[in-house]
There are 2 protein chains.
Amino acid sequence: MTVPSGRRERKKAATRQKIADTALRLFLERGYDAVGIRDVAAEADVAVTTLFSHFASKEALVFEQDGDFEQRLTQAVACRAPHEPLMPALRREIQALVRHCTADSSAPIWRMVDESPALREYEESMRLRHAESLARAIAADLDLSETTTACRTIARFVIDAYSLAREAADPETAVDEIFHMIEAAWEVTCPSGGARGTVPPGKAGAGRAVTSR
Amino acid sequence: MTVPSGRRERKKAATRQKIADTALRLFLERGYDAVGIRDVAAEADVAVTTLFSHFASKEALVFEQDGDFEQRLTQAVACRAPHEPLMPALRREIQALVRHCTADSSAPIWRMVDESPALREYEESMRLRHAESLARAIAADLDLSETTTACRTIARFVIDAYSLAREAADPETAVDEIFHMIEAAWEVTCPSGGARGTVPPGKAGAGRAVTSR
DNA sequence: ACCGTAGCACTAACCGTTAGCGTTTAAAAA
DNA sequence: TTTTTAAACGCTAACGGTTAGTGCTACGGT
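Just so it is clear, the model here is predicted, and its values are computed rather than measured.

A. How the structure looks around the pattern of salt bridges. Residue and element names in this part refer to chain A. As enumerated under the stated definition, the model contains 35 salt bridges over all chains in all. Glu84 is the partner of Arg92 in a salt bridge, and the nearest nitrogen-oxygen pair spans 2.7 Å. Relative accessible area serves as the criterion here: at 49%, Arg92 is assigned to the partly exposed category. Between Arg127 and Glu123 there is a salt bridge, with its nearest N and O atoms 3.3 Å apart. Here Glu123 and Arg127 lie together in helix H8 (residues 117-141), a separation of 4 residues that amounts to about one turn. Overlapping salt bridges bring together Asp114, Arg120, Glu123, Glu124, Arg127, Arg166 and Glu167 as one network.

B. Structural context of the nonpolar core. One finds Leu90(A), Ile138(A), Ile154(A), Ile182(A), Leu90(B), Ile138(B) and Ile182(B) to be the most contacted residues of the largest nonpolar core, which totals 126 residues. With near-sequence residues (within four places) excluded, Ile138(B) lies in contact with Val77(B), Leu86(B), Leu90(B), Cys151(B), Ile154(B), Ala155(B) and Trp186(B).

C. The protein's contact with DNA strand C, seen in detail. Around DNA strand C lies a shell of 26 residues, among which Arg7(A), Arg8(B), Thr15(B), Thr50(B) and His54(B) are the nearest. For DNA strand C, the fraction of atoms within 4 Å of the protein that belong to sugar or phosphate moieties is 62%. At 2.9 Å from a phosphate oxygen of DNA strand C is found a main-chain nitrogen or oxygen belonging to Ala47(B). Here a phosphate oxygen of DNA strand C sits 2.5 Å away from a polar atom, N or O, in the side chain of His54(B). When residues of the surface near DNA strand C are traced back to their parent elements, those giving at least two are helix H1 (7-30), helix H2 (37-44) and helix H3 (48-54) of chain A together with helix H1 (7-30) and helix H3 (48-54) of chain B.

D. Structural context of the relation of the copies chain B and chain A. Superposing chain B onto chain A takes a rotation of 179° plus a shift of 0.1 Å along the axis, which leaves an RMSD of 0.2 Å. On this basis, the relationship between the two copies can be described by a two-fold rotation axis. An overlap of 74% is found between the interface residues of chain B and their copies at the interface of chain A, pointing to a shared contact surface.

E. Focus on the domain arrangement of chain A. All names here are of chain A. Domain annotation of chain A identifies domain 1 (13-56) and domain 2 (64-189). In this structure, domain 1 and domain 2 have C-alpha centres spaced 29 Å apart. The partner domain 2 presents 7 residues to the 10 residues of domain 1 that form the contact. Looking at the side of domain 1 facing domain 2, the largest losses of area belong to Leu24, Leu28 and Tyr32, adding up to 55% of the total buried there. Joining domain 1 to domain 2, the criterion identifies 1 salt bridge.

What counts, and where the lines are drawn
- Residues numbered from 1 in each chain as written.
- Chains lettered and ligands numbered in written order.
- Predicted model: local features only at pLDDT ≥ 70, side-chain atom pairs only at ≥ 80, totals over all residues.
- Heavy atoms only, no water.
- Salt bridge = Lys/Arg side-chain N within 4 Å of Asp/Glu carboxyl O.
- Buried < 20%, exposed > 50% of the residue type's maximum accessible area, 1.4 Å probe, protein only.
- Helix = DSSP H or I, 4+ residues; strand = E, 2+ residues; numbered from the N terminus.
- Core = buried A, V, L, I, M, F, W, Y, C linked by side-chain atoms within 4.5 Å.
- Contact = heavy atoms within 4.5 Å.
- Near = heavy atom within 4 Å.
- Polar contact = N/O pair within 3.5 Å; in protein donor to acceptor, adjacent residues only side chain to side chain.
- Least-squares fit on C-alpha atoms with pLDDT ≥ 70 in both.
- Domains from an automatic or database assignment.
- Buried area = accessible area lost by both parts, 1.4 Å probe.

Take a look at the structure:
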């Protein structure tokens, strides 16, 4: 029960990678819905049960490749430069993520996702989980003992920004536009955290204290 | 091809209702996952194929009962009192919807939904559709010819308010809190009525590369 | 009165997913 | 080293949601 480091791990990882690569190739060649689990398993030369011991579902074959999305967001909050405001850091990270998944190399994959209702649903439910993680990270950053409604709300908005920008005609502009709105929402609830003064309940007007570009 | 009003419609509606009632009863009695489609069909005394000609999926048996959610939101925008600002109208409607589904009478149903991942996913994807409809309604209200990013964003935020408030300890307070944030976001993009430049000139692309449907 | 069609039923299957059980083999314990 | 353990993998068979394919029946328009 110690660390099973060695050949075994490598073989397992290799099998997993082979399955993932085969699946993605077949999906892109013939379309997600036109390829069955049994096809993937046969082509990767593994049993169906083996495939499901590596991936929890068919959709996971597509998404579980780069699982660092969640980590990147929470680390953008936790590991940012000292005294850097929260929102600009998040905006930068979302910008990077959007750029990454609208790049030409990722385009076919995302087109496939957009065309399959099953994949869209799966991604949506992933995003909700990510939003909860982000909410916890934000709450921790503010030294809150629990995730408040405000934290959850802002986290949702940030995830929405990613989702909406990805579909926009001009993703980068969309991120800026949406974060402009998010920062306004952020200011009226919790600009505290120790640094600045709280905005009184009166209208904050068009004022934008936090920088954006 | 005229209006097929008559006995036929009544019979169809009766069959549909009988299926829905039977399904909900069985689900609440034995749990959603413990009841199969074949069970529902047998108990409602219809064939499985008949069931699926009335409902698109098992999850739809739970949610397609009150399908007016979407309509209530769009009408809250379109049919509000003249000169009433947009956000208060939406806030009122969301408040009513949240109250409705946190009422004691609805409690068992929503507990069932919360306990079943399949139902949660289904509801999430419904919410996305609702957000798109709401975005169109908002765009139309502002005399925009297309659904802009800002409209889509605000629509998402409003749907998020519903979703988050439903899970909050104090739903009504949560709605107010979240709408406070939404109104701040709204003000920085669309300062009162005028359909003004939410997108800097030069980028107002109407075309879309991805996203079918 | 007659015909088109909508509603419904039945069989049989497809597809994703899981359970049960056995085999290999790498790693840990002796 | 030898023995023991358990993880990875495989096979068969099945379950549950969903969908053709086909045909029957009865309602409704003409």
